[in-house]
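# A closer look at the structure
Spelled out, the chains give:
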Amino acid sequence: MRSRISELELRRVRYQIFTGDLRHHFSFQYWKNHWPQLVEGLNSSIDDQEFLRQDKATVLTLDQNVIGIHLLSEYDFSQFDKYDYFKDFPAPAIAKLQELGLKRVQALQYFMIDEKYSVANTLVNFGAIIGGLSLNHQTESKLSASLTIARTDIPVANLAKKHGFEELATATLHNVSVAFMVCLKPKPNPKEEIARWTDYYWARREKIHVGSSNRKVA
């Protein structure tokens, strides 16, 4: 039976944005303990650089327990052929993106919600919340678009569409069906509760550079 997280607990949730050397940060260790195993379960593989090359590790936590992680990186789209991230995009998807005349873009990667805090267990859709928070980075940095590769065998691609993503193409990656997607104009989640908590955590976001004692709330 699903449990309900209290209002007090929801107000204690922290949204942290980590940059810098993430090698010894807890977000990397958490990712290493979960994501490679998931990929291995799909009869594929992944290495540490998939995490360490990211520009930002964004994390929702409650009392030092990880709720969810989303990794973000920015790219100059005019040089897309220089970045490993775009090597999996089918040619039709790249062609559509080129037609849009994109400049600076961000990629939303390795979206993960801890099973303990999944909507199936908590009645709170933290996946929708962290997705909305990630798109706020697009608006804050005045980027042309956000890109993502979302699984279609689970509701990730459908969730992305609720936030303004459009599907460019589909393919198989790591032995599962995925959609290559772009968001030009982020939308708040249509559910008022999700939009409210997204705004709440964004207003209290913490930017932390790993390796420095400097910490600020933006």
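Thresholds, definitions, all that
Residues numbered from 1 in each chain as written. Predicted model: local features only at pLDDT ≥ 70, side-chain atom pairs only at ≥ 80, totals over all residues. Heavy atoms only, no water. Helix = DSSP H or I, 4+ residues; strand = E, 2+ residues; numbered from the N terminus. Buried < 20%, exposed > 50% of the residue type's maximum accessible area, 1.4 Å probe, protein only. Contact = heavy atoms within 4.5 Å. Areas by Shrake-Rupley, 256 points an atom, 1.4 Å probe, with all protein chains shown as cover. Salt bridge = Lys/Arg side-chain N within 4 Å of Asp/Glu carboxyl O. Phe/Tyr/Trp six-rings, centres within 6.5 Å; stacked < 30°, edge-to-face > 60°. Arc of directions from axis to C-beta. pLDDT = per-residue confidence, 0-100. Pairing = 2+ DSSP bridges.

Our next topic: the overall build of the chain. When helices and strands are counted, the chain shows 8 helices and 9 strands. Counting the 218 residues in the chain, one finds 49% classified as buried. By sequence separation, contacts in the chain at least 24 residues apart represent 69% of the contacts at least 6 residues apart. Surface summary for the chain: the accessible area is close to 11,400 Å², and the carbon and sulfur share equals 48%.

Below, the discussion takes up the pattern of salt bridges. Applying the stated rule across the entire model yields 10 salt bridges. Its salt-bridge partner being Arg-14, residue Glu-206 comes within 2.9 Å of it at the nearest N-O pair. With a gap of 192 residues between them, Glu-206 in strand β8 (residues 206-210) and Arg-14 in strand β1 (residues 14-20) connect regions that are remote in the sequence. According to the relative accessible area criterion, Arg-14 is partly exposed, its value standing at 35%. One salt bridge in this structure joins Lys-161 and Glu-167, with 3.8 Å as the shortest N-O distance. Classification of Lys-161 by relative accessible area gives partly exposed; the value is 40%. When its relative accessible area of 39% is taken as the criterion, Glu-167 is described as partly exposed. One connected set of salt bridges, linked through shared partners, spans Glu-7, Arg-11, Glu-192 and Arg-196.

Two aromatic rings, taken as a pair, are described by how far apart their centres are and by the angle between their planes. Overall, the coordinates contain 16 aromatic pairs when judged by the stated rule. Residues Phe-77 and Phe-80 carry aromatic rings whose centres are separated by 5.4 Å and whose planes lie at 20° to one another, so their mutual orientation is stacked. Both residues of the pair, Phe-77 and Phe-80, belong to the buried class. Here Trp-197 and Tyr-200 contribute two aromatic rings whose centre-to-centre distance is 5.2 Å and whose plane-to-plane angle is 75°, an arrangement assigned as edge-to-face. Highlighted residues: Trp-197 and Tyr-200, both in helix α8 (residues 192-203), separated by 3 residues, approximately one helical turn.

Looking now at helix α4 (residues 91-99). Residues Ala-93, Ile-94 and Leu-97 constitute the buried set of α4. The buried residues of α4 occupy an angular sector of 100° when projected down its axis, which confines them to one face. Across α4 from its buried face, at more than 90 degrees, point the exposed residues Ala-91 and Glu-99. Summarising the contacts, the buried residues of α4 are in contact with β5 (145-151), β6 (165-173) and β7 (176-183). Positive backbone phi, approximately 65°, marks Gly-101, located one or two places after α4.

Model confidence for the chain is summarised by a mean pLDDT of 87, while 88% of its residues fall at 70 or above. Ignoring residues within four places in sequence, the model shows residues 41-45, a span with pLDDT below 50, making 10 contacts including any to other chains. Contacts from residues 213-217, a stretch scored under 50 in pLDDT, to residues over four places away or in other chains number 12 contacts.

Here strand β3 (residues 65-76) lies mainly inside the structure; 9 of its 12 residues are buried. Sheet analysis places strand β2 (residues 56-62) next to β3, joined by 7 bridges and oriented antiparallel. Following the sheet pairing, Val-59 is matched in β3 by Ile-69. Hairpin connection from β2 to β3: 2 residues lie between these consecutive antiparallel strands, with Asp-63 at a positive phi of about 50°.

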